[in-house]
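For reference, the chains in residue letters:
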Protein chains: 2
Amino acid sequence: MKNRLKELRSARGWTQEDLGKRLGVSRQAIIALESDKHDPSLDLAYRIAALFGEPVETIFENPHA
Amino acid sequence: MKNRLKELRSARGWTQEDLGKRLGVSRQAIIALESDKHDPSLDLAYRIAALFGEPVETIFENPHA
DNA sequence: ATCTCGTGTCAGGTTTACCTGACATTCGAG
DNA sequence: CTCGAATGTCAGGTAAACCTGACACGAGAT
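So, here's what we can say about the structure. (Residues numbered from 1 in each chain as written. Chains lettered and ligands numbered in written order. Predicted model: local features only at pLDDT ≥ 70, side-chain atom pairs only at ≥ 80, totals over all residues. Heavy atoms only, no water.)

**So, the packing of aromatic side chains**
And then number 1: If you walk through the whole model with that rule in mind, you get 2 aromatic pairs over all chains.
And then number 2: Across from the ring centre of Trp 14 of chain A, 6.0 Å away, lies the NZ or CZ of Arg 12 of chain A, which sits over that ring. (Phe/Tyr/Trp six-rings, centres within 6.5 Å; stacked < 30°, edge-to-face > 60°. Lys NZ or Arg CZ within 6 Å of the ring centre and 35° of its normal.)

**Re the pattern of salt bridges**
And then number 1: By the definition in use, this model includes 10 salt bridges over all chains.
And then number 2: The partner of Glu 34 of chain A in a salt bridge is Arg 9 of chain A, and the shortest N-O contact between them spans 2.6 Å. Of this pair, Glu 34 of chain A sits in helix α3 (residues 27-34) while Arg 9 of chain A sits in helix α1 (residues 5-11), and the two are 25 residues apart along the sequence.
And then number 3: Relative accessible area serves as the criterion here: at 15%, Glu 34 of chain A is assigned to the buried category.
And then number 4: A salt bridge links Glu 7 of chain B to Arg 4 of chain B, with the shortest nitrogen-to-oxygen separation between them at 2.8 Å.
And then number 5: Judged by relative accessible area, Glu 7 of chain B falls into the partly exposed class, the value being 45%.
And then number 6: Several salt bridges share partner residues, and in doing so they unite Arg 4, Glu 7 and Glu 54 of chain A into one network. (Salt bridge = Lys/Arg side-chain N within 4 Å of Asp/Glu carboxyl O. Helix = DSSP H or I, 4+ residues; strand = E, 2+ residues; numbered from the N terminus. Buried < 20%, exposed > 50% of the residue type's maximum accessible area, 1.4 Å probe, protein only.)

**A word on the packing of helix α2 (residues 16-23) of chain A against α3 of chain A**
Residue and element names in this part refer to chain A.
And then number 1: Here α2 crosses α3 at 105°, and the two axes come no closer than 8 Å. The angle between α2 and α3 falls in the class roughly perpendicular. In contact with Gln 16, Glu 17, Leu 19, Gly 20 and Leu 23 of α2, α3 contributes Arg 27, Ile 30, Ile 31 and Glu 34.
And then number 2: Residue composition of the contact of α2 with α3, by class: 4 nonpolar, 2 polar and 3 charged. (Axes fitted to C-alpha atoms, helices over the stretch in contact; angles between N-to-C directions. Parallel < 35°, antiparallel > 145°, perpendicular 65-115°, else oblique. Contact = heavy atoms within 4.5 Å. Nonpolar A, V, L, I, M, F, W, Y, C, P; charged D, E, K, R; others polar.)

**So, the relation of the copies chain B and chain A**
And then number 1: When chain B is fitted to chain A, the best match, at an RMSD of 0.0 Å, comes from turning it 180° and sliding it 0.0 Å along the axis. In short, the pair behaves as if placed about a two-fold rotation axis.
And then number 2: With an isologous cut-off of 70% or more, the 100% of interface residues of chain B that recur at the interface of chain A puts this contact in the isologous class. (Least-squares fit on C-alpha atoms with pLDDT ≥ 70 in both.)

What follows is the structure, encoded as structure tokens:
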């Protein structure tokens, strides 16, 4: 699922590890998300949206909309 | 994660199996969601939102909002 | 009373999200 | 040139989401 995670992260000058710590996940999880290897759980998607102050749909593209 | 799935489903007169077929998941998956045993994947959450014509956040409570 | 339909629940299996740890590469700072 | 920081990538593990199949139970219809 396409997403703007890498864009949002680097716009804030955060490293992958920074972001992982802020979200409570590992760096590997960040890598997998940024490189579209995984889709996040809904709970993690909510945490990401809260962290960046954007709705989930503007960060993770909804293929069923 | 608290959700309104059962409410939305029965409001439409659908069985758990009906809903599962419309969403492309098993009846067990529906049961697990309705009884809060599982959180959905983001992709499934998007399919559910599309099916009921509501945003994800009004169906699945966001504990990080 | 029986039959059916919807639901609840158990058992066991597969896939995927997420984990830790290790190492190679690149690149800017000193 | 060297060092450290950030990233990429691999290997192997755990946990949760999802699967199929089976059976018990209650409520309604016949």
